[in-house]
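Residue-level structure breakdown
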Amino acid sequence: CPPTRNSQQQTSFKRGSDLFGYVGIDAVLEQMQRKTMKAGFEFNIMVVGQSGLGKSTLVNTLFKSKVSRKSCTSNFEEKISKTVRLHAVSHVIEEKGVKMKLTVIDTPGFGDQINNENCWEPIVKYVNEQYEKYLREELNINRKRRIPDSRVHCCVYFLPATGHRLRPIDVEFMKRLGKMVSIVPVIAKADTLTVEERQEFKERIREDLTANGICVYPQREYDEDPEERALNDRIRKSIPFAVVGTDKEHQVNGNKVLGRKTKWGIIEVENVAHCEFANLRDLLIRSHLQDLKDVTHNILYETYRVQRLNESNMNFSELVLSTWPLGNGTDKCETESQL
Amino acid sequence: MDAIMLQEKLVERLLCPRVRTARQKEKQYVGFATLPNQVHRKSVKKGFDFTLMVAGESGMGKSTLVNSLFLTDLYKDRKLLNAEERINQTVEIIKHTVDIEEKGVKLKLTIVDTPGFGDAVNNNECWKPITDYIDQQFEQYFRDESGLNRKNIQDNRVHCCLYFIPPFGHGLRPVDVEFMKALHEKVNIIPLIAKADCLTPTEIKKLKDRIREEIDKFGIKVYQFPECDSDEDEEFKQLDKELKECTPFAVIGSNTVVEARGQRVRGRLYPWGIVEVENQSHCDFVKLRNMLIRSHMHDLKDVTCDVHYENYRAQCIQEMTSKLAQDNRMESPIPILPLSTPDVDTEKLIKMKDEELRRMQEMLNKMQQQMHDKD
């Protein structure tokens, strides 16, 4: 018989369990993550509420950067505009290698007039316009790989800390916008409420919300599985969050904390015993940011799209070829900067 | 940390007051660096899908290779036809689906087989059923995507096509060239040299060089590996370079386990030695598997979605609009809205709209008739 030739061992090969069991498909997850990290994320947050409720301060505190210009600074032109004009500003912020393009949409003038009827209309128009822009891009013949997403992912609605109930303007706004965008109501400047007052206020607000059929985020009907439902139920039992915002630091027990200093004590913003800012931040950013985007994309945007396709009795290509100008009720000063 | 556990932990902290620990380092930390984890959690729940097509003549070892790649046995009850039965056989398209789960990640793998390709005496246009199949999947996806209910779109588009080139010849044959040219703009083609254990290393190198030359010469666009990131380490870049220089991969597959050098390996037992499938010095199987599954699966899907599908879509729309422009009469709208599974409400709506259109068309015809009569 011919002599057997021993194969030369040059490179190593997979052993044992690798040989017989491991294909390696979990690496797909990593590939996907790497790609999304490179591309970066976008997040668009809208703040709605009367002047002076601390909207800009809160957003700045949330993202630990000056992403929103406060209207109380001395060089800001004091002018209560006659109509609600929307104002969108973008910044790119980075943390631990993750890049995010954050757009804050401000709504100065909302609820500031004597007669506030229909003050939500410019906002409704803006939200629809962003949906329309996305739809057009999606229908385009030569569409971009990543369609720029200017849709409003989250609308933080500021309730003044009256301690009573929802006001008519609050009900009107949330009713109309609740079906179009994810609303996160917050109790602003909550340092005027004691803990008991706060609890009662929240309960009354929750009652009012249910009584008026208003759906706020996280919407019950969009829970996908029992696990998510359980998680979100617990959140629903504690909204709206009572927040305090600031960008000033003080010394407490040898530590520097963000807080508001008064004669009777220092209100620590990030102390959960003082206010619920940390809870809001964790909800919006650390645990549900992607979910906010998903709800906007998969549910709210799809609803808009179906509506549009139904009402336009046109076929597909006409929609693409039509040249409707997008109406302009918005002040879009988009400034991009690297913080 | 498991992404789901992380999420739960965050909600816990959300709702329960806790003792303040050293927060100094957390000061500048906003927290959106958890975004990749949040996205991760959703993908684990959803799972992935991947459609792989294998094409080549019978007996090239396609089924064996697929079984080796995914460590499954997809072709258990296969009946091989004899020569007579195959005379009148046309190219069929057969799909096998298997669900694989590993470390919590689910993959729904679909293998599209093309038995009969290149087997007949006259193989003219034998790739036509294959291109038709690929186009059909694109069309189906296009309709679904343009439809009203987009909740559960199934992605059946072919993400990758492994094309098996026989090792016996001197490079690409006419049928190889024609096939790849017919498909290179519809699907990611990865050419492989099949049954590479009948070639010596020098012969393999010669054949690979020859094939690469011919691919360039005929202008065939096979799947290109994306460029390495500039911030990857040197070792990775070196591996990447080696991978690119090794194409087309020379592969061997095996369903049997043999004993070699005191270990059980997948291989083929010959009187003159044992060929080990997973030995990198024997064949490129490991490189193919790593590339296909472990490093480029997602990119293959992306190129299919972003390039091949978009080209198809753009072409489709342009054809439709040019047709519309040519016909000046008002026709009923081209069915883009779903014809597949409309629900009751949508059906009613579509019927209503159709009725309206028909009425409008009648009116228009009447008016035209009247004007005609007047002249």
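Please read these numbers as outputs of a predicted model, since none were measured by experiment.

This next bit is on the overall build of chain A. On a plain count of helices and strands, chain A comes out with ten helices and ten strands. Relative to its full complement of 339 residues, chain A shows a buried share of 53%. Within chain A, residue pairs in contact and separated by at least 24 positions form 69% of the contacts whose partners lie at least 6 positions apart. Summed over all atoms, the accessible surface of chain A reaches about 16500 Å², with 50% contributed by carbon and sulfur.

Attention shifts here to the sheet that holds strand E3 (residues 105-113) of chain B. Residues and elements named next belong to chain B. Pairing is mixed in the open sheet, where six strands are placed in the order E2-E3-E1-E4-E5-E6. Strands at the two margins of the open sheet, each flanked by one partner only, are strand E2 (94-102) and strand E6 (249-250). Two elements, strand E5 (residues 189-193) and E6, share two bridges in a ladder whose sense is parallel. In the sheet register, Leu192 faces E6, and the bridge partner there is Phe249.

On to helix H5 (residues 168-178) of chain A, then. Three or more residues of H5 of chain A are buried, namely Ile169, Asp170, Val171, Phe173, Met174, Leu177 and Gly178 of chain A. Buried residues along H5 of chain A sit in contact with strand E1 (41-48), helix H4 (121-139), strand E4 (154-160), strand E5 (183-188) and helix H6 (195-211) of chain A.

What follows concerns the state of the cysteines. In protein chemistry, a disulfide is the covalent bond that joins the sulfur atoms of two cysteines. Counting across every chain of the model gives zero disulfides over all chains. Free cysteine Cys155 of chain A: the closest other cysteine sulfur is in Cys154 of chain A, separated by 7.0 Å. Residue Cys155 of chain A is classed as buried on the basis of its relative accessible area of 0%. The thiol of Cys198 of chain B is unpaired, and the distance to the nearest cysteine sulfur, on Cys283 of chain B, comes to 13 Å.

Once that is clear, we can look at the sheet that holds strand E9 (residues 265-268) of chain A. Residues and elements named next belong to chain A. As summarised here, the arrangement of the three strands in space is E7-E8-E9, forming an open sheet in which the pairing is antiparallel. Each edge of the open sheet carries a strand with a single partner, namely strand E7 (249-252) and E9. Geometrically, the sheet is characterised by an average inter-axis angle of 70° between neighbouring strands, direction not taken into account. Sheet topology places strand E8 (residues 255-262) next to E9; four bridges connect them, and they run antiparallel. Along E9, the bridge assignment pairs Gly259 with Glu268.

A separate point is a negative patch on the surface. Among the surface-exposed residues, Glu196, Glu197, Glu200 and Glu203 of chain A lie close enough to one another that they form a single negatively charged patch. Locating Glu200 of chain A in the fold gives a position in helix H6.

Further remarks concern the pattern of salt bridges. Pairing between side chains of opposite charge can happen when the charged atoms of each approach one another. Residues and elements named next belong to chain A. Scanning the entire structure with this criterion turns up 44 salt bridges over all chains. Of the charged contacts in the structure, one is a salt bridge between Asp170 and Arg167, with a shortest N-O distance of 2.9 Å. Taking the relative accessible area as the measure of exposure, Arg167 reaches 22% and is therefore partly exposed. One network of salt bridges, in which partners are shared, links Lys64, Glu270, Arg281, Asp282 and Arg286.

Residues and elements named next belong to chain B. This chain's UniProt record puts "site: Important for dimerization" (unreviewed entry) on Phe168. Secondary-structure assignment places Phe168 in the loop between strand E4 (160-165) and helix H6 (174-183). You can call Phe168 exposed: its relative accessible area is 60%.

A word on the packing of helix H5 (residues 128-146) of chain B against H6 of chain B. Residues and elements named next belong to chain B. Where H5 meets H6, the axes come as close as 10 Å, and the angle between the chain directions of the two elements is 15°. Judged on the interaxial angle alone, H6 and H5 are roughly parallel. For the element pair H5 and H6, the recorded crossing hand is right-handed. Note on element contacts: H6 touches H5 through Phe179, Ala182 and Leu183, opposite Ile130, Thr131 and Ile134.

Our next topic: the packing of aromatic side chains. Aromatic ring pairs: the centre-centre distance and the angle between the two ring planes describe each pair. Enumeration over the complete set of coordinates arrives at 14 aromatic pairs over all chains. An angle of 35° between the planes, with centres 5.4 Å apart, marks the rings of Tyr131 of chain A and Tyr304 of chain A as tilted. Of this pair, Tyr131 of chain A sits in helix H4 while Tyr304 of chain A sits in helix H9 (residues 289-311), and the two are 173 residues apart along the sequence. Centroid distance Phe117 of chain B to Tyr163 of chain B: 6.1 Å. Interplanar angle 85°. Geometry classified as edge-to-face.

Before going further, it helps to spend a moment on the pairing of E7 of chain A. Residue and element names in this part refer to chain A. Alternating residues of E7 divide into His250 and Val252, all buried, and Glu249 and Gln251, none buried. Relative to E8, E7 runs antiparallel, the two being bridged by four bridges. Residue pairing for E8: His250 is matched across the bridge by Val257. The hairpin turn running from E7 into E8, its antiparallel successor, is two residues long, and Asn253 in that turn takes a positive phi close to 50°.

Time to look at the packing of helix H2 (residues 27-39) of chain A against helix H10 (residues 297-326) of chain B. Relative orientation of the contacting elements H2 of chain A and H10 of chain B amounts to 60°, with a least axis distance of 8 Å. Taken as axis vectors, H2 of chain A and H10 of chain B run oblique relative to one another. For the pair H2 of chain A and H10 of chain B, contact is made by Val28, Gln31, Met32 and Lys35 of chain A and by Met297, His298, Asp299 and Asp302 of chain B, respectively. Of the residues contributing to the contact of H2 of chain A with H10 of chain B, the split by class is three nonpolar, two polar and three charged.

Reading the values: the criteria
Residues numbered from 1 in each chain as written. Chains lettered and ligands numbered in written order. Predicted model: local features only at pLDDT ≥ 70, side-chain atom pairs only at ≥ 80, totals over all residues. Heavy atoms only, no water. Helix = DSSP H or I, 4+ residues; strand = E, 2+ residues; numbered from the N terminus. Buried < 20%, exposed > 50% of the residue type's maximum accessible area, 1.4 Å probe, protein only. Contact = heavy atoms within 4.5 Å. Areas by Shrake-Rupley, 256 points an atom, 1.4 Å probe, with all protein chains shown as cover. Pairing = 2+ DSSP bridges. Disulfide = S-S within 2.5 Å. Axes fitted to C-alpha atoms, helices over the stretch in contact; angles between N-to-C directions. Patch = residues over 30% accessible without salt bridge, like charges linked within 9 Å, V, L, I, M, F, W, Y side chains within 5 Å. Salt bridge = Lys/Arg side-chain N within 4 Å of Asp/Glu carboxyl O. Lys, Arg positive; Asp, Glu negative; His and termini not counted. Charge placed at Lys NZ, Arg CZ, Asp CG, Glu CD. UniProt positions renumbered as here; feature names shortened; annotations may be inferred. Parallel < 35°, antiparallel > 145°, perpendicular 65-115°, else oblique. Left-handed = near helix turned anticlockwise from the far one by under 90°. Phe/Tyr/Trp six-rings, centres within 6.5 Å; stacked < 30°, edge-to-face > 60°. Nonpolar A, V, L, I, M, F, W, Y, C, P; charged D, E, K, R; others polar.

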